[in-house]
Amino acid sequence: MEATTSLLDAAAVGDLVLLDPLTEESLLRTLQERFQRGDIYTYIGSVVISVNPYRSLPIYTPEKVQEYHNCSFFAVKPHIYAIADDAYRSLRDRDQDQCILITGESGAGKTEASKLVMSYVAAVCSKGEEVDKVKEQLLQSNPVLEAFGNAKTIRNDNSSRFGKYMDVEFDFKGQPLGGVISNYLLEKSRIVQHVKSERNFHIFYQLLAGGSAQMLQQLKLRQDCRHYVYLNGESSDLPGVDDAANFRAMQDAMRVIGFSPTEVTALLEVTAVVLKLGNVQLSSSFQASGMESCSIAEPQELQEICELIGLDPGILEQALCTRTVKARNETVHTTLSVPQGYYGRDALAKNIYSRLFDWLVNRINTSIQVKSGNQRKVMGVLDIYGFEIFQDNSFEQFIINYCNEKLQQIFILMTLKEEQEEYIREGIKWTPVEFFDNTIICNLIENSKGGILAMLDEECLRPGVVNEDTFLTKLNQLFATHKHYESRETQNARHIMDASLPPRCFRIHHYAGKVTYNVTGFIEKNNDLLFRDLSQAMWAARHALLHSLFPEGDPQKVSLKLPPTAGFQFKASVATLMKNLYSKNPNYIRCIKPNETKSAMLFTPELVLEQVRYLGLMENVRVRRAGYAFRQLYGSFLGRYKMLNRRTWPRWAGSDREGAEVLLAELPYPPEERAFGHTKIFIRSPHTLFDLERRRQERVVQLATLIQKIFRGWRCRTQYQLMRKSQIIISAWFRGNAQKNKYKQMKRSALLIQAYARGWKSRRLLRELKSQRQRHTAAATIAAYWKGFQVRRAYRRYFRSGASACLANFIYRRLVQKFLVGLEKNLPVSLMDRTWPPPPYKFLANANQELKSIFYRWKCKKYREQLTPQRKALLQAKLCASELFKDKKTLYSKSLQQPFQGEYLGLTQNPKYQKLQAVAKDKLVMADTVRKVNRANGKTVPRLLLLTTKHLVLADPKAAQPKTVLSLEDIRSVSVTRFSDGFLALHLKETSTVGAKGDFLLVSDHLIELVTRLHQTLLEATAQELPLHITDQFSTRFQKGDVAVTIVESPKAGGAVPVCRKRGSHKMEILVH
Ligand SMILES: Nc1ncnc2c1ncn2[C@@H]1O[C@H](COP(=O)(O)OP(=O)(O)OP(=O)(O)O)[C@@H](O)[C@H]1O
Ligand SMILES: [Mg+2]
């Protein structure tokens, strides 16, 4: 097996677990041997040890990526790609969040390792336009952050001066979705001060070297590094580093991430401001009070800064040279001394830069953050500043080393302590392996009650004069007997003379070595205070980015509360980081620095041995050798591998442990390869695990094939069934249709044949019937001739004995019979039909006339019988009218169409006529409106006329009050004209009581009806006919004597309304038309 050959290399094993014998020397020799042949990676189980080669090796090519992609961890040569692949696959296939912890001292190759891991994952995960964009953004965050957060130190030309933890988020398919970067405490003191032969942050050199002349002019910068105080006034080109090219790469990276040109310009402007702040020189002067004060020595630089940030130079000058102190509602301006001024200026530069760096990280996060809320898996890559020991170590080193101490603690906890504890807990036979537990050092630093950081915070918050001496004294008292703490005082107390311990220093025995820290600056750096005047000045700037970096500068938001100290913040963020790391499956890369001179191929055994010791690699190997490479809860184990045994697949009915036992019993592994704990199964060697995985993969492929087979079979079957069903339906329809057509055809043929057959039969029958009829006719003719012959013979016999009268009588009767029958059929239908069939023979003419009159009378009788009494009365009235007026008065013919209504006033309906109704009672014959002619002048007035069976009443239409009541007996006669007018004269008897005024001349619209009804009523009442004169001239009697009335036909008269004209006192003319 290749795995064995690559790891069991006789000269230098790839996995130190296989080292025999296991000693420090053999371990060191193996590492050196491998390093010398270019194998910089070595395993301890699944932990990768990486020795910095300080030269580029041809082991990161795309071919190598392919080689390690989906490989078996131990089947190929140890490589960082193998651990990256393992972590990625666990994340994708086992749904486990991963973290990759890269540790080692400064310059050991952590940042390079983290980049290699990221680039590997980016290369192997799936491709696509969107995915490539995300990958590119994630990878391009490195050059930007390195430009602003890395610097050359004595130990490393590209030393990370900030801690970085990057969570890369994936979807369930393992496609990268985005990420989140967390940064930890930037070493900002480097901005204002760095030791010779080191450099400030790369960005300053990159900007000056790579910025175009126009850009530098815009940023008011000079290309010469020596001009800038913060760059130590020296030009510092790094051999092998092209700052200008890096600047271009950094700009390209920003573009890829999504920075807008405005954002880039703003970022560079603020960077330029920081650089230029270092050149602001202060000079001392004395105030009138004798107090020392400072002022700007050369206003040019300040002027340019203010132009860049859009601020009044006066404001910045005042903020730099004076300080506002608020005490009891009083604001006092105090001048600053030159050192105080410089202190403020440097604090401002540090603050601007560190806040700018935080903004940068946030801005990158905005671009790379995952937008959708899908469930994600996370791979965290931790690249934090390495453990470092300098000549002069300050607060920053203290913090950096504390962080490394915590990471070592994680490593110890997870690989050494927890592992051993777990064996004991699970009841596995175990001989404990001794190791150094650094919890005691972590406690010394971070203990919230009496740790160094807590003491420092306490000192910072203490009222009164605070300085580092009191802080150190406190530490000396507290940790006088602590094994890992030393200072001149504690050593003296222990009667130890230690010349390497200068005053104002303390030393901590870190896991990686002893570091002496100088307390000078601890309090100031921990407080990290910026004069409020300066933050307010920055807030007042018109430069949007700079303005946004100093929100506390808003005078509205002035807070007297002290911000949390740098140490406190760092401790809290480290605690969060640890919690995050604990929640993920760890993968370790332990970087080792082979020499101090950054030289390729140089392996300094002493230096490496020191690292091997403090990294606890020996203990790691021992635990690994004695322990088990893999453990898992029985349930999960069974769930993952149950397909390897027929009894456990697809379901195991017993307990999980029994299942695991059954499963492993049938696999060809020696018994020492496995151990059964209380809750977990332990597998000793990774080979066994990889073999298990390999078998699982093969089985999964088989099972997938089986499922595929069954599914395909099912799919084909279903499709076949469907096709069959469809085919049956189609053929059924088709056959049905064919049969229907055939049937129609047959039916048509049958009908045709039937028709022919029936036709033939019918014609035969017809022929038969015709011949039958001919026979009958012939027979009848013969019979007729025969009967005729017999009749003639009989007739001849009877003729002479008076048969003629008998015959004539017979014929006469037959004719009459025929006439009457014919008449019956042609009788007129209605009474008005006057047509009558003429007599067929003359001798029937009288009878026909007689029959006609009988028939009409009978018809009239029938008509009369069906009449109602009302209709009968009406017809009688009409008959009477015809007798009176027909052919005598022109108006008569017009009145024929009008029915006689009698009641035209509506007496019963109209309550107004109540009184008249009382007069009429039930005896009312007619009620109408008439016009009465004034006897004096011939003019007419309307009157209501009521004719009852006894009286004729004239009433006033308005009052509906009877005016004249005439008894019918008083009426002598009536005169009317020949024309079509409604005029009538009512002649009264002389005896009449009401007739004092004389006769009445009236005009009525219903004259014919009125006169007819009057005539009928009078006849009924008095049995006398009403004398009616239809005349052109008559005499009428008025109160003042008789008047001769002449009817004159004149066109002036209008229709039925005549015009009466009085001519003298005894003549009157009635104009009618
Ligand atoms: N795998 C490698 N191949 C080639 N050169 C390497 C490799 N790893 C590291 N180096 C070299 O070592 C230098 C330092 O490495 P790196 O910056 O990764 O150290 P570091 O551990 O991150 O240090 P620090 O803690 O100071 O940030 C790199 O600039 C590079 O020249
Ligand atoms: Mg680094």
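Anything mentioned here points back to the structure above.
Structure report, in brief. (Residues numbered from 1 in each chain as written. Chains lettered and ligands numbered in written order. Predicted model: local features only at pLDDT ≥ 70, side-chain atom pairs only at ≥ 80, totals over all residues. Heavy atoms only, no water.)

Focus on the overall build of the protein
The following threshold applies: Strands here are runs of E lasting at least two residues and helices are runs of H or I lasting at least four, both read from the DSSP assignment and numbered beginning at the N terminus. Here the globule rule is a power law, 2.2 Å times the number of residues to the power 0.38, and the radius of gyration is based on C-alpha atoms. Whether a residue is buried, partly exposed or exposed follows from its accessible area with a 1.4 Å probe, protein chains only, as a fraction of its type maximum: under 20%, in between, or over 50%, in that order. Residue contacts are defined here by distance: any two heavy atoms, one from each residue, within 4.5 Å place the two residues in contact. Charge counting treats Lys and Arg as positive and Asp and Glu as negative, with His and both chain ends excluded. Charged groups are reduced to one reference atom each: NZ for lysine, CZ for arginine, CG for aspartic acid, CD for glutamic acid.
When helices and strands are counted, the protein shows 34 helices and 31 strands. The globule rule puts the C-alpha radius of gyration for 1073 residues at 31 Å, and the 69 Å found for the protein is more than 25% above it. Across the 1073 residues that make up the protein, the buried fraction comes to 48%. For the protein, restricting intrachain contacts to residue pairs at least 6 apart in sequence, the fraction spanning at least 24 positions comes to 64%. Looking at charge distribution, the protein has the averaged site of its 150 positive side-chain charges lying 28 Å from that of its 109 negative ones.

Overview of a positive patch on the surface
Note the following rule: Surface patches are defined over residues having more than 30% relative accessible area and no salt bridge, joining like charges when they lie within 9 Å and nonpolar side chains (Val, Leu, Ile, Met, Phe, Trp, Tyr) when within 5 Å. With residues, only the protein chains shown are counted as cover, and all accessible areas are computed by Shrake-Rupley using a 1.4 Å probe. We define a salt bridge as a side-chain nitrogen of Lys or Arg found within 4 Å of a carboxyl oxygen belonging to Asp or Glu.
On the surface, Arg758, Lys761, Arg763, Arg764 and Arg767 cluster together into a patch of positive charge. For Arg763, the location among the structural elements is in helix α28 (residues 686-798). Take Arg763: its relative accessible area is 48%, and that puts it in the partly exposed class.

What to know about the coordination of the magnesium ion (ligand 2)
When a metal holds four donors in a tetrahedron, each ideal angle between them is 109.5 degrees; when it holds six in an octahedron, the ideal angles are 90 or 180 degrees. To keep it simple, the criterion reads: Water is not part of the atom set, so a site may look incomplete; the donors themselves are N, O and S atoms within 2.8 Å of the metal, or 3.2 Å for Na, K and Ca.
Within the protein, Thr111 (OG1) and Ser160 (OG) serve as the donor atoms for the magnesium ion (ligand 2), at 1.9 to 2.1 Å. With Thr111 in helix α5 (residues 110-124) and Ser160 in strand β5 (residues 159-160), the pair connects residues that are 49 residues apart, well separated along the chain. With a relative accessible area of 9%, Ser160 lands in the buried category.

A word on the pattern of salt bridges
Once the charged atoms of two side chains with opposite charge are near each other, the side chains can pair. Overall, the coordinates contain 51 salt bridges when judged by the stated rule. Asp157 serves as the salt-bridge partner of Lys152, at 3.4 Å between the closest nitrogen and oxygen. Exposure remark for Asp157: the relative accessible area of 25% places this residue in the partly exposed category. Between Arg161 and Glu187 there is a salt bridge, and its shortest N-O distance comes to 2.8 Å. One end of the pair, Arg161, is in the loop between β5 and β6 (163-170); the other, Glu187, is in the loop between β7 (176-184) and α7 (189-192), and 26 residues separate them in sequence. In the salt-bridge network here, residues are joined through shared partners; they are Arg161, Glu187, Arg190, Glu198 and Glu388.

Details of the packing of aromatic side chains
Aromatic ring pairs are reported here in terms of the distance separating the ring centres and the angle at which the planes meet. How we decide: Only Phe, Tyr and Trp rings take part, Trp by its six-membered ring, and two of them pair if their centres are within 6.5 Å. Stacked means planes under 30 degrees apart, edge-to-face means over 60, and tilted covers everything else. In this scheme, Lys NZ or Arg CZ marks a charge over a ring once it lies within 6 Å of the ring centre and within 35 degrees of the ring normal.
Under the criterion given, the structure shown has 39 aromatic pairs. Relative to Tyr517, the ring of Phe398 lies with its centre 5.3 Å away and its plane at 85°, an arrangement referred to as edge-to-face. Of this pair, Phe398 sits in helix α15 (residues 395-425) while Tyr517 is found in strand β15 (residues 513-518), placing the two residues 119 residues apart along the sequence. Exposure remark for Phe398: the relative accessible area of 0% places this residue in the buried category. Assessed through its relative accessible area of 0%, Tyr517 is described here as buried. Among the aromatic residues, ring-to-ring pairing joins Phe395, Phe398, Phe471, Phe479, Tyr485, Phe506, Tyr517 and Phe522 into one connected group. Above the plane of the ring of Phe259 lies Arg363, whose end atom (NZ or CZ) is 4.9 Å from the centre. The ring of Phe411 has Arg590 lying over it, and the distance from NZ or CZ to the ring centre is 3.6 Å.

Notes on empty space enclosed by the protein
Note the threshold: Here the term cavity refers to a set of points on a 1 Å grid, laid over the protein atoms alone, in which a 1.4 Å probe fits but cannot get out; the term pocket refers to an open set having protein on both sides within 12 Å along at least five of seven lines, with lining residues being those that place an atom within 4 Å of a point. Grid points are joined across faces, edges and corners, and a volume is the space filled by probe spheres set on the points. Each residue gets one label: Ala, Val, Leu, Ile, Met, Phe, Trp, Tyr, Cys and Pro are nonpolar, Asp, Glu, Lys and Arg are charged, and the others, such as Gly, are polar.
Within this structure, the stated rule accounts for five cavities of 30 Å³ or more. Considered as a void within the structure, the largest cavity measures approximately 90 Å³ in volume. Elements with a contribution of two residues or more to the lining of the largest cavity: α5, α6 (129-149) and β6. When its residues are assigned to classes, the lining of the largest cavity shows nine nonpolar, no polar and one charged.

Regarding the layout of surface pockets
There is about 1700 Å³ of room inside the largest pocket. Along the walls of the largest pocket sit 49 residues, with Asn527, Asp528, Leu529, Leu530 and Pro563 positioned nearest its centre. Secondary-structure elements contributing two or more residues to the lining of the largest pocket are β7, β10 (322-327), β11 (330-335), α14 (338-368), α15, α20 (522-527), α21 (532-540) and α23 (566-582). With 10 residues, the top contributor of residues to the lining of the largest pocket is α14. Residues belonging to the lining of the largest pocket are distributed by class as follows: 21 nonpolar, 13 polar and 15 charged. Size it by volume and the second largest pocket reaches roughly 1400 Å³. Contributing to the lining of the second largest pocket are 45 residues, with Gln96, Asn585, Ala629, Phe630 and Arg631 lying nearest its centre. Of all the elements in the fold, those that place two or more residues in the lining of the second largest pocket are α4 (80-93), α15, β16 (585-592), α25 (617-626), β17 (630-633), α26 (634-641) and α28. Classifying every residue of the lining of the second largest pocket by side-chain character gives 16 nonpolar, 14 polar and 15 charged.

Looking at the site of ligand 1
What counts is decided by this rule: Residue proximity to a molecule or strand is established when one non-hydrogen atom of the residue lies within 4 Å of it. Pairs of N or O atoms are called polar contacts if they sit within 3.5 Å, as long as, within protein, a hydrogen donor faces a hydrogen acceptor (for residues adjacent in sequence, only side-chain-to-side-chain pairs).
Around ligand 1, 19 residues are found, and the nearest of them are Asn52, Ser106, Thr111, Ser159 and Ser160. Residue Gly107 places a main-chain N or O atom 2.8 Å away from an oxygen atom belonging to ligand 1. In this structure, Asn156 approaches ligand 1 through a side-chain N or O atom, which is 2.8 Å from an oxygen atom. Within the complex, 86% of the 630 Å² of free accessible area of ligand 1 lies under protein. When residues of the shell around ligand 1 are traced back to their parent elements, those giving at least two are α5 and β5. With three residues, α5 is the single largest residue contributor to the shell around ligand 1. Grouping the amino acids of the shell around ligand 1 by side-chain chemistry returns five nonpolar, 10 polar and four charged.

Remarks on the side chain of Thr948
Inspection of the secondary structure assignment puts Thr948 in strand β21 (residues 940-948). For Thr948, a relative accessible area of 4% puts it in the buried group.

A look at the environment of Asp383
On the secondary structure map, Asp383 appears in strand β12 (residues 377-383). The exposure class assigned to Asp383 is buried, which follows from its relative accessible area of 5%. Placed 398 residues apart in sequence, Asp383 and Thr781 show a C-alpha to C-alpha distance of 143 Å. Among all residues touching Asp383, those that are not within four sequence positions of it are Lys110, Thr111, Ser114, Ser160, Phe162, Gly163 and Lys164. Only 2.9 Å separates the side chain of Asp383 from the side chain of Thr111, close enough to count as a polar contact.

A short note on the side chain of Gln175
Along the chain, the position of Gln175 falls in the loop between β6 and β7. Overall, the relative accessible area of 18% leaves Gln175 in the buried class. Setting aside residues up to four positions removed in sequence, Gln175 forms contacts with Ser126, Val131, Glu169 and Phe170.

Structural notes on the pairing of strand β23 (residues 961-967)
Stated precisely, the cut-off is as follows: By definition, two strands form a pair when at least two bridges between them are found by DSSP.
When strand β22 (residues 951-956) meets β23, the two strands line up antiparallel, connected through six bridges. From the neighbouring strand, His951 faces β23, where its bridge partner is Ser967. Between β22 and β23, which pair antiparallel one after the other, the connecting turn spans four residues, and Ala960 there sits at a positive phi close to 55°.

Focus: the sheet that holds strand β18 (residues 674-676)
Selection criterion: To get an axis, a line is fitted to the C-alpha atoms, and for a helix only the part in contact is used. The angle between two axes follows their N-to-C directions and goes from 0 to 180 degrees.
What the three strands build is an open sheet, ordered β17-β19-β18; its pairing is antiparallel. Two strands lie at the open edges of the sheet, namely β17 and β18, each paired on one side alone. Direction aside, the axes of adjacent strands within the sheet are offset by 15° on average. Two strands pair when backbone bridges link them, and β17 and strand β19 (residues 680-683) are joined in this way by four bridges, in the antiparallel orientation.

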